Amino acid sequence: MVQTAKANTGTLPQISSGEFDPRDMVDQVDGYCEDMAAAALQNLPRDEYYDHSDGEDGGIEEQKKQRGWLGKMGKGLYRRTVGSKKEAAVVKTSDGRDDEDVKALVLGCRSPMACESGGVACQSTEDMKACRSVLSLMIKQMGRNLLSGGNVMNVSFPIQCCQPKTTLEIGAAMGQFFHLYMPRAAAATDPVERMKNVVTCFIAAMPLTSGNFLKPLNPLLGETLQVEYGDGSQLWMEQTCHHPPVAAFLLEGAGKEYSASGFLQFSVGFGYNKMLVTPQGERSVHFKDGTTITCDCPNDRILNLFWGQMCHETLGVQTFTDAVHGIRCRLEFGNPHGRKGVPSDYFQGVIEKYDSVNPDTAGEVLSTCEGSWVGFIDFAGVRYWDIRTTQKMPCVTPSNILKSDSRLRPDRLALEAKNIPEAQEEKSRMEEQQRFERGLREAVHGKHTSR
């Protein structure tokens, strides 16, 4: 909990001899830093308003809000982060249903964690407060660094705003529905049916990796994670690059009738009261008959970072491709046709036969699909996943894990025990060690550049 800033008396603390004692300034620095952080958020330029007249209503005036300076800056950041190009719609036209019918379909099968407007809402007010205290805590760190003669800009992310998990551990949740859908996909002789089960498996896992509003710990280079699932399948993960952060993974089914592999990478940008996460990784599922289905990732957005109900949305287009059989499934998230009252977690898509020579052109539709990534998915009206009836399988820690495993990190263990000072100290120590080792590598091999 942030303490109330002490009053500024305008004089420096004195010791009995009348000399200045810098050690007594720590409390005052904390107070000044809290005031600076509050001013950074509160003393913003006021948004401008203009009068708008509607001639049809006899010139009745109303005030409409212009985009403020921060909004304009956020819009520019958004464009530079995700680009201004909009992908062509996957489903070209509406199917003729009323918006109320679609709304009833979506709201009838929905996670209790869902946000009314769409996506997953933050369930904890304490987590929201922690997320919003980052600025104040980092300014306080800068003040302490200044007093100690250290680098003012060398600031570690406050660990009390983190959760006691790494991004590897969160990523491991993606495999908790493999036991239901991947064996069916492996046994399917119809490529379309196989595609339906693979798509369903990944959509069903999306709520499992959502809702992590407290920042996860960043894995160190070479950090690993081993997981065993309830059906005997196994997962191995490793952080193969620190900057940009890249994690590789391999998941093998219990009977080795399928495997999944790939890498996870993402970049982060900020807009007006929101954070934009752009995944750049690729995932592939391999089957014994030689078929491989690859998929990319849609974009994520965290809304209301500083005020309002914090929530996580998924937007954009995701594509699953079976190059062997020339079919793909394209999903468009974010309520594609803008149906009134329908949450943004609603998506639509098609499975289609496509032309490998002209992949950008629309193909022959083999099946339609729709759903909500916080509730269900239907293919041609047949339900394949329903969050109310589908049970995820447990994932456990193997008896023998490597010393580099995420769950053995000293800062994670201290944070889990709620020992914040020790956790922050260990986190800072590990980060310093990583920077030192990176310097040694760059001295020999030069700076790393992503491909």
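This structure is a prediction, so every number in the text was calculated from the model and none was measured.

Observations regarding the nonpolar core
Ranked by size, the top nonpolar core spans 48 residues in total, and within it Phe-178, Val-198, Val-199, Ile-203, Phe-320 and Leu-331 carry the most contacts. Of all the elements, helix α8 (residues 191-209) adds the most residues to this core, at nine residues. Aside from chain neighbours lying at most four places away, what touches Ile-203 is Gln-318, Leu-331, Phe-333, Phe-347, Trp-373, Ile-377 and Trp-385.

A look at the pattern of salt bridges
Following the criterion strictly, the structure yields 20 salt bridges and no others. Here Arg-301 makes a salt bridge to Glu-313, at a shortest N to O gap of 2.6 Å. Taken together, the residues span a long stretch of sequence, with Arg-301 in strand β13 (residues 299-303) and Glu-313 in strand β14 (residues 311-322) at a distance of 12 residues. We classify Glu-313 as buried; its relative accessible area is 5%. The network of salt bridges with common partners includes Asp-378, Arg-383, Asp-386 and Arg-388.

So, the packing of aromatic side chains
According to the stated counting rule, one finds six aromatic pairs in the structure shown. Pairing Phe-178 with Phe-202 gives two aromatic rings, centres 6.0 Å apart and planes at 75°, and the pair type is edge-to-face. Note that Phe-178 is positioned in helix α7 (residues 178-187) and Phe-202 in helix α8, a separation of 24 residues in sequence. What makes Phe-202 buried here is its relative accessible area of 8%. Both rings, one in Phe-379 and one in Tyr-384, keep their centres 5.2 Å apart while their planes meet at 80°; by these two values the pair is edge-to-face. Of the two residues examined, Phe-379 and Tyr-384, each falls in the buried class. An aromatic cluster of at least three residues, connected via ring pairs, comprises Phe-178, Phe-202, Tyr-258 and Phe-320. Lying across the ring of Phe-287, Arg-194 places its NZ or CZ 4.3 Å from the centre. One Lys or Arg, Lys-215, reaches over the ring of Phe-157 and ends 5.2 Å from the middle of that ring.

Quick word on the state of the cysteines
One pass over the structure, following the stated rule, counts zero disulfides. Free cysteine: Cys-201, not disulfide-bonded; nearest cysteine sulfur from Cys-295 at 9.8 Å. By relative accessible area, Cys-201 is classed as buried at 0%. Cysteine Cys-297 is unpaired, with the sulfur of Cys-295 as its nearest cysteine sulfur at 6.1 Å. Overall, the relative accessible area of 18% leaves Cys-297 in the buried class.

Cut-offs used in this document
- Residues numbered from 1 in each chain as written.
- Predicted model: local features only at pLDDT ≥ 70, side-chain atom pairs only at ≥ 80, totals over all residues.
- Heavy atoms only, no water.
- Core = buried A, V, L, I, M, F, W, Y, C linked by side-chain atoms within 4.5 Å.
- Buried < 20%, exposed > 50% of the residue type's maximum accessible area, 1.4 Å probe, protein only.
- Helix = DSSP H or I, 4+ residues; strand = E, 2+ residues; numbered from the N terminus.
- Contact = heavy atoms within 4.5 Å.
- Salt bridge = Lys/Arg side-chain N within 4 Å of Asp/Glu carboxyl O.
- Phe/Tyr/Trp six-rings, centres within 6.5 Å; stacked < 30°, edge-to-face > 60°.
- Lys NZ or Arg CZ within 6 Å of the ring centre and 35° of its normal.
- Disulfide = S-S within 2.5 Å.

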